[in-house]
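Here are the chains, one letter per residue:
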Amino acid sequence: MISLNRTSFLTQMGVSGPCSTPSGTGNRRPMALKVVSMDSNGRAGDRSGSVLVENNTVKEIAKPPSPVVEVEPKSTAGAWPQDAYVEDSAPAMNEQIMTPWSLSVASGYNLLRDPRHNKGLAFTEKERDAHYLRGLLPPTIVAQNLQVKKMLHNIRQYQVPLQKYMAMMDLQERNEKLFYKLLIDHVEELLPVVYTPTVGEACQKYGSIFRQPQGLYISLREKGRILEVLRNWPEKNIQVIVVTDGERILGLGDLGCQGMGIPVGKLSLYTALGGVRPSACLPVTIDVGTNNEELLNDEFYIGLRQKRATGQEYAELMDEFMTAVKQCYGEKLLIQFEDFANHNAFDLLAKYGPTHLVFNDDIQGTASVVLAGLISALKVVGGSLADHRFLFLGAGEAGTGIAELIALEISKQTNAPLEETRKKVWLVDSKGLIVSSRKDTLQHFKKPWAHEHRPIKKLIDAVKEIKPTVLIGTSGVGRTFTKEVVETMASINEQPIILSLSNPTSQSECTAEEAYKWSQGRAIFASGSPFDPVKFKGKMFVPGQANNAYIFPGFGLGLIMSGTIRVHDDMLLAASEALASQVSQEDFDKGLIYPPFTNIRKISAHIAASVAAKAYELGLATRLPQPKDLVKYAESCMYSPSYQNYR
């Protein structure tokens, strides 16, 4: 303990008068103490710690080992004060090894740079007095709604989507609540900015636009130390992790470490759309290298400059990660796998599904949102799922995941064996229609879809022979639903259901305009990326977006609020049915098979309630007793971006 005369100490620290004791804090005040140590040559080095002034005694909070403690000297008459902070002095001194001691207090200058608590010009007069903000802000006080209006005006000035994305990310780093308030209030306009399609370009250019690190980067260099790395993250009560290895980012391929834009974007939506607290969310990138030669040769690339690790080395790193996060954050931690390549995605889900609370949005989330759209579309075209035939272009994670959930729902509705209901679904991959004669050469996740039929190479020929009522694109290849394909679908069906799901927009199998025009306005269309409304023959068509953001935020909230320990397929079916139930007749009249995003928080609450109810029914929920009204409980659990009053 260091004893000083309180008055002289405060005077020497540059604090005097009424400011010496903050309002409402009695005689306790945290302060920064400048600690100067001397090296063997008599040179000063800053080793700032922190102190607490209590009852005229200065107590050290964080004292560096064995320093010579001095109070910063006063300035002499006619001279500038001597600066004891060595990093601000001569360049030669910067080579000295130092310890970066600091004190972070949510007041004054530091408060304005704390994104979680910063309110900008919304600080009231009382708050400015209580938190030492006088003079650090202009005198005007601005309400949060006006701040939202101003930020939206500023973002609209940018013509380039990536600039809008960067402006939103800067806001998130500066004022967290304002970021989420803006995103929630204008979700339909800003969702394409913070997520697809703009996030794809952001990931491609992540190295060059990289400013402030977000989330945890776990590379091969951290092998054997992952638990230690997790403990570096400041938040300890983590409820959801979104993790990627960057190998298959959207339809853009291997972007390595720069895939971090995906977990960051997904978790922003977990908060904005599902109400999960930002502090409970952790974005993670597993960096095992990249096979993208362009990135390896890019001077701005931020990841490991090596070819992608595979096999045992990859498996061991992932196993250490999965073990460490469970040890660190517990059994009820939700781990969402994002944009892993097919050969890893299915294996990881199968391996860790029985032992962890895991969810793959590309396989399960996409499947759930597409199934919801199909259930909704049937209210327009009629019949049950079992009455329809489904043809997919694309047999990867998304395609096979959707196909399996459709077959499960048909099995549930008809009590038919799953092996039988799968025969309603046909898949086309890069080599043509998946048929039984190809079974020996197929990847394991494609084999359930190898039905008896002669080989067919082209999609158009498959459409003509299978005669599907529903055509679904998950190929990641743009403009593959040609004029001939769409016209053939329209000749077979009065109202063909055409879902062009590949992201980003450039990879969409066809545009909304093409689908409506080539089908003579009879198609029921939805896409993965947003398209503008289309006017055809005097009628305005509003294309729906089969966006995973409808499902995963509410799905995750349902798991978290019920304390669920494992994901079950029945929960995905429950989420699909809950989403489909939110589509109104007014939406159908516009040609929509999904509800508008303006109601997304209400929709997420209903999805969360349905998922939680199913978890309780299956005995997988641990948060007991079960709330009586799960919808109201879900709403009460949601994070609010409104400013709080500070004492």
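Keep in mind the model is a prediction, meaning the values are calculated, not measured.

## Some remarks on the sheet that holds strand β19 (residues 544-545)
- Strand order in the open sheet formed by seven strands is β13-β12-β11-β14-β15-β16-β19, with mixed pairing between adjacent strands. A strand with exactly one partner marks an edge of an open sheet, and here the two such strands are β13 (432-433) and β19.
- In this sheet, strand β12 (residues 425-429) lies alongside strand β11 (residues 390-393) in parallel orientation, the contact comprising four bridges. Residue pairing across strands places L391 opposite W426, the latter belonging to β12.
- Set on the sheet, helix α18 (residues 459-466) makes contact with β11, β12, β13 and β14 (470-473); between it and β11 the angle comes to about 175 degrees.

## Points about the packing of helix α24 (residues 600-618) against helix α25 (residues 630-637)
- One way to put it is that α24 packs onto α25 with a least axis distance of 8 Å and a crossing angle of 120 degrees. On the basis of the axis angle, α24 is oblique to α25. With respect to the hand of their crossing, α24 and α25 are arranged in right-handed fashion. Counting all contacts with α24, which are made through A605, H606, A608, A609, A612, A613 and Y616, the residues of α25 involved are L630, V631, A634 and E635.
- Taken together, the residues that form the contact of α24 with α25 break down as nine nonpolar, one polar and one charged.

## Digging into the UniProt feature "binding site: (S)-malate" (unreviewed entry) in the protein chain
- The feature "binding site: (S)-malate" (unreviewed entry), as annotated in UniProt, sits at R248, N503 and N547 in this numbering. Put simply, the named residues that line the largest pocket are R248, N503 and N547.
- Tracing the sequence through the fold places R248 in the loop between β7 (240-244) and α11 (261-274).
- Overall, R248 belongs to the partly exposed group, its relative accessible area being 25%.
- In this view, R248 contacts G253, D339, F340, A341, D362 and E397; residues no more than four positions away in its chain are not counted.
- In this structure the side chain of R248 is engaged in a polar contact, spanning 3.1 Å, whose partner is the backbone oxygen of L250.
- Along the chain, N503 turns up in the loop between β15 (497-500) and α20 (512-518).

## Brief notes about the pairing of strand β9 (residues 334-337)
- Because side chains alternate across β9, one face comprises the buried residues L334 and Q336, and the other comprises I335 and F337, equally buried.
- Taken together, the four bridges between β7 and β9 define a ladder with parallel strand orientation. Bridge assignment links V243 to a residue of β9, and that residue is F337.
- Both β9 and strand β10 (residues 357-360) contribute to a ladder of four bridges, which runs parallel. Its bridge partner being in β10, F337 is matched across the sheet by N360.
- With respect to chirality, the unit in which β9 leads through helix α14 (residues 342-352) into the neighbouring parallel β10 is right-handed.

## Quick look at the nonpolar core
- Formed by 122 residues in total, the largest nonpolar core has its most connected members in Y165, L374, I406 and F555.
- In terms of residues, this core owes the most to one element, α24, which gives 10 residues.
- Setting aside chain neighbours within four positions, we find L374 in contact with L385, F390, I406, V470, I472, I497 and L499.
- Judged by nonpolar contacts, the second largest core, of 37 residues, contains V288, L304, L317 and A324.

Criteria and thresholds
Residues numbered from 1 in each chain as written. Predicted model: local features only at pLDDT ≥ 70, side-chain atom pairs only at ≥ 80, totals over all residues. Heavy atoms only, no water. Pairing = 2+ DSSP bridges. Helix = DSSP H or I, 4+ residues; strand = E, 2+ residues; numbered from the N terminus. Contact = heavy atoms within 4.5 Å. Axes fitted to C-alpha atoms, helices over the stretch in contact; angles between N-to-C directions. Parallel < 35°, antiparallel > 145°, perpendicular 65-115°, else oblique. Left-handed = near helix turned anticlockwise from the far one by under 90°. Nonpolar A, V, L, I, M, F, W, Y, C, P; charged D, E, K, R; others polar. UniProt positions renumbered as here; feature names shortened; annotations may be inferred. 1 Å grid on protein atoms, 1.4 Å probe; cavity = no way out; pocket = protein on both sides within 12 Å on 5 of 7 lines; lining within 4 Å. Buried < 20%, exposed > 50% of the residue type's maximum accessible area, 1.4 Å probe, protein only. Polar contact = N/O pair within 3.5 Å; in protein donor to acceptor, adjacent residues only side chain to side chain. Right-handed = clockwise from strand over helix to strand, strands pointing away. Core = buried A, V, L, I, M, F, W, Y, C linked by side-chain atoms within 4.5 Å.

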